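If you want the building blocks of each chain, they are given just below.
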Amino acid sequence: MTPEDILDQSPVRLTQTQREQYFADGFLTIPNAIPPEWLNRLRSLADQFLDSSRRCAASDNVFDLGPNHSTETPHVRRLKALVDRHPDFWAFASNSPLTDIAADMLGPNVKFHSSKLNYKSPGGGEVVKWHQDISAWPHTNYSLVTLGVHLDDVAHDDGPLSCVPGSHDGELYVQRDADNKWTGSIADKDIESVNLDRAVDMNGGAGTVIAIHCRTVHGSRANLTNNVRALPLFVFASADAFAWMPAPSPTSKTGEVVRGVPATVAHLDPRPCPVPPNWAVEGYGSIFTAQK
Ligand SMILES: O=C(O)CCC(=O)C(=O)O
């Protein structure tokens, strides 16, 4: 669906002004979007999985582990494919205020794409370099959004995500190095043409939802605190957006319609899109391994 078609539909959770802001900037911070019951549940799951990673010695299809991971001090960078880790993650993705927000940004027919939980550890954590998500999971159009939930208050020192306003309407960069190897980040020569001075941190209290358009240039800061910043992220697509390459981290629910009905006609956006590696053949670790 086009932004105009989406804006023509009545919103469920967001105001029309918030939706217009999202389509103008390519991102939106939505305070107080998730009620305490959901927040407590998600926080408790995030803690449980972090604790259970103590039993894990090497990265696998559940955990992406950092170099300093140990039984005593778990260092998890990512819990993968959340909706396959616990039924409550799927309940949250498929039938919660989050799903309503996805529909307000994508139109009445919405598909689930993927999910993950990024833990940013104290002592710097993982600084995520500037990148555009859609280059890793291209679709026939650009009506996809990533929704993240702040489980705790997030300010500058907690390692928030940062987005460049308007960059979703700009170029899509090839995220590869001179040897054509996937880097998951925008090359230095390209980033010079992005106005990073305008980047906005997505700070907000616990219960804030952050929405990032799939073309928006974004990254995230170091964690300068002593707390782990846990951020669950869920990707949704308009039902008429179809993936044309295998998903990097497919789940058992990828492609499932969570609002409305399946599309019978694909929407094709003429703007070009870089081709990622074939993840089904090459395998996908995480953005952290790619950007290393
Ligand atoms: O967790 C973060 O700080 C950044 C996450 C991100 O940009 C991504 O996973 O694409």
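As the structure is a prediction and not an experimental result, all values here were calculated from the model.

Trainee: Is there a simple way to think about the overall build of the chain in this case?
Mentor: The helix and strand inventory of the chain stands at 8 helices and 12 strands. Its C-alpha atoms give the chain a radius of gyration of 18 Å, near enough to 19 Å, the size a compact globule of 292 residues would have. If one aligns the C-alpha atoms of the chain with their principal axes, the spans along those axes are about 55 × 50 × 40 Å. Taken across its 292 residues, the chain has 55% of its residues classed as buried. Surface accessibility of the chain: about 12500 Å² in total, with carbon and sulfur atoms responsible for 51%. Side-chain charges of the chain comprise 25 positive and 34 negative groups, with the mean position of each set lying 5 Å from the other.

Trainee: It is not clear to me how the nonpolar core should be interpreted in this structure. Could you clarify?
Mentor: The nonpolar side chains of soluble globular proteins are, as a tendency, buried together. Counting 47 residues, the largest nonpolar core has L79, M105, Y119, L147, V149, V209 and F236 as its most contacted members. Considering each element in turn, this core owes the most residues, 7 residues, to helix 3 (residues 36-52). When neighbours within four sequence positions are excluded, L147 is seen to be in contact with L98, I101, A102, M105, V209, I210, A211, P232, L233, F234 and F236.

Trainee: Please clarify how helix 2 (residues 16-25) should be interpreted in this entry.
Mentor: An α-helical turn contains 3.6 residues, so any two residues separated by three or four positions project in the same direction. Buried within helix 2 are the following residues: R19, Y22 and F23. Projected down its long axis, helix 2 shows its buried positions confined to an angular sector of 90 degrees, all on one face. Close packing links the buried residues of helix 2 with helix 1 (3-8), strand 1 (27-30), helix 5 (97-106), strand 6 (144-149) and strand 9 (209-213). Positive backbone phi, at 90 degrees, marks G26, one or two positions downstream of helix 2.

Trainee: Before we go on, may I ask you to explain the environment of T15 in this structure?
Mentor: Relative to the assigned elements, T15 resides in the loop between helix 1 and helix 2. Of the residues examined, T15 reaches a relative accessible area of 42% and is grouped as partly exposed. With 89 residues separating them in the primary sequence, T15 and D104 have C-alpha atoms 9.0 Å apart.

Trainee: Before we go on, may I ask you to explain the site of the ligand in this structure?
Mentor: Near the ligand the following residues occur: R78, K116, N118, K120, V128, H131, D133, L161, H218, S220, R229 and I287. In this structure, D133 approaches the ligand through a side-chain N or O atom, which is 3.3 Å from an oxygen atom. The separation between an oxygen atom of the ligand and a polar side-chain atom of H218 is 3.2 Å. For the ligand, whose free accessible area comes to 300 Å², the fraction covered by protein is 97%. For the shell around the ligand, the secondary-structure elements that each account for two or more residues are strand 4 (110-120), strand 5 (128-131) and strand 10 (218-220). At 3 residues, strand 4 tops the list of elements feeding residues into the shell around the ligand.

Trainee: Quick question: what am I supposed to make of the packing of aromatic side chains here?
Mentor: The description of two aromatic rings rests on the distance between their centres and on the angle between their planes. Applying the stated criterion to the full structure yields 8 aromatic pairs. With a centroid separation of 5.5 Å and 65 degrees between ring planes, the pair formed by F92 and F234 is classed as edge-to-face. Of this pair, F92 sits in helix 4 (residues 87-94) while F234 is found in strand 11 (residues 229-238), placing the two residues 142 residues apart along the sequence. F92 sits in the buried class, given a relative accessible area of 0%. Connected via pairs of aromatic rings, a cluster forms that spans W38, F92 and F234. Over the face of the ring belonging to F242 we find K111, whose NZ or CZ atom lies 3.7 Å from the ring centre.

Trainee: Teacher, can you tell me more about the sheet that holds strand 5 here?
Mentor: Within a sheet, each strand pairs with its neighbour through backbone hydrogen bonds, oriented either parallel or antiparallel. Read from one edge to the other, the open sheet built from 4 strands follows the order 5-10-7-8, with strand pairing classed as antiparallel. With partners counted over all chains shown, the strands left at the sheet margins are strand 5 and strand 8 (200-201), one partner each. In terms of strand pairing, strand 7 (residues 161-163) meets strand 8 through 2 bridges, oriented antiparallel. What sits directly across from C163, in strand 8, is V200.

What counts as what
- Residues numbered from 1 in each chain as written.
- Predicted model: local features only at pLDDT ≥ 70, side-chain atom pairs only at ≥ 80, totals over all residues.
- Heavy atoms only, no water.
- Helix = DSSP H or I, 4+ residues; strand = E, 2+ residues; numbered from the N terminus.
- Rg over C-alpha atoms; globule rule 2.2 N^0.38 Å.
- Buried < 20%, exposed > 50% of the residue type's maximum accessible area, 1.4 Å probe, protein only.
- Areas by Shrake-Rupley, 256 points an atom, 1.4 Å probe, with all protein chains shown as cover.
- Lys, Arg positive; Asp, Glu negative; His and termini not counted.
- Charge placed at Lys NZ, Arg CZ, Asp CG, Glu CD.
- Core = buried A, V, L, I, M, F, W, Y, C linked by side-chain atoms within 4.5 Å.
- Contact = heavy atoms within 4.5 Å.
- Arc of directions from axis to C-beta.
- Near = heavy atom within 4 Å.
- Polar contact = N/O pair within 3.5 Å; in protein donor to acceptor, adjacent residues only side chain to side chain.
- Phe/Tyr/Trp six-rings, centres within 6.5 Å; stacked < 30°, edge-to-face > 60°.
- Lys NZ or Arg CZ within 6 Å of the ring centre and 35° of its normal.
- Pairing = 2+ DSSP bridges.

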